[in-house]
Amino acid sequence: MEIEVLVVPDCPHRQLAEQRLRQALDDEGLGATAFASRVITDAAEAERSGFTGSPTILINGRDPFAHPHATPSLACRIYRTPDGLSGSPSVDQLRQALATAVRRADT
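(A) Fine view of the sheet that holds strand 1 (residues 3-7). In space, the 3 strands of this open sheet follow the order 2-1-3, with mixed pairing throughout. Because the sheet does not close on itself, it has two edges, and the strands there are strand 2 (36-39) and strand 3 (56-59). Put simply, the sheet's adjacent strands are angled 25° from each other on average, direction ignored. In this structure, strand 1 lies alongside strand 2, joined through 4 bridges in parallel fashion.

Here it is as structure tokens:
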């Protein structure tokens, strides 16, 4: 499984997203799975990467939290979670996205 956390420089939610992602990986029995973080610095790179705000989490090259009409942007991203708006998906939302990615890989 290939996982990337894409952020803008000095993203205030990078640490939260990375902590929640690590917890979700551990919870799903994927604790040995590493992920990379990459800083997106310009609009062309945002376009190539499918980056629609910081942080964007890609699992096997796919953004499981993408909105259909979102456009590439060098901006902060807000996620709707069960606890309200947040700078990162919740651990449970990330667990669900990881489980879906595992199922897709098995088919």
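(B) Representation of unusual backbone geometry within the structure. Here the amide bond leading from S54 into P55 is cis, since omega sits at 0°, within 30 degrees of zero. Checked against the element boundaries, P55 lands in the loop between helix 2 (43-49) and strand 3. We note that D10 has phi near 60°; this positive angle belongs to a residue other than glycine. Position of D10 relative to the elements: it lies in the loop between strand 1 and helix 1 (14-27). Residue classification places D10 among the exposed positions, given a relative accessible area of 78%.

(C) Local environment of the nonpolar core. I3, L21, I57, I59 and L98 are the most contacted members of the largest nonpolar core, which totals 23 residues. The set of elements that each furnish at least two residues to this core consists of strand 1, helix 1, strand 3 and helix 3 (91-106).

(D) Layout of the pattern of salt bridges. Considering all chains together, one arrives at 7 salt bridges under this definition. Measuring nitrogen to oxygen at the nearest pair gives 2.8 Å for the salt bridge that ties D63 to R77. Residue D63 is located in the loop between strand 3 and strand 4 (79-81), and its partner R77 is located in the loop between strand 3 and strand 4; the two are separated by 14 residues in the primary sequence. Here D63 and R77 have matching classes, each one buried. For D92, the salt bridge goes to R95, with nearest N and O atoms at 3.6 Å. Of this pair, D92 and R95 both sit in helix 3, 3 residues apart, which is roughly one turn of that helix. Take D92: its relative accessible area is 38%, and that puts it in the partly exposed class. The structure contains a network of salt bridges with shared partners spanning E4, R38 and E45.

How each quantity is defined
Residue positions are given per chain, counting from 1 as you read along its sequence in written order. Given that this is a predicted model, residues contribute local features only at a pLDDT of at least 70 and side-chain atom pairs are listed and counted only at 80 or more, while totals for whole chains, interfaces and linings are drawn from all residues. Water and hydrogen atoms play no part in the side-chain values, which are based on all heavy atoms of the structure. A pair of strands is labelled paired if DSSP reports no fewer than 2 bridges between them. In this text, helices come from DSSP runs of H or I with a minimum length of four residues, and strands from runs of E with a minimum of two, each type numbered from the N-terminal end. A fitted line through C-alpha atoms serves as each axis, taken over the contacting stretch for helices, and the angle formed by two N-to-C directions is quoted from 0 to 180°. Remark: exposure states derive from per-residue accessible area (1.4 Å probe, protein chains only) relative to the maximum for the residue type, with buried under 20%, exposed over 50%, and partly exposed in between. By nonpolar core is meant a set of buried Ala, Val, Leu, Ile, Met, Phe, Trp, Tyr and Cys residues that side-chain atoms within 4.5 Å join together. When a carboxyl oxygen of Asp or Glu lies within 4 Å of a side-chain nitrogen of Lys or Arg, that pair is called a salt bridge.

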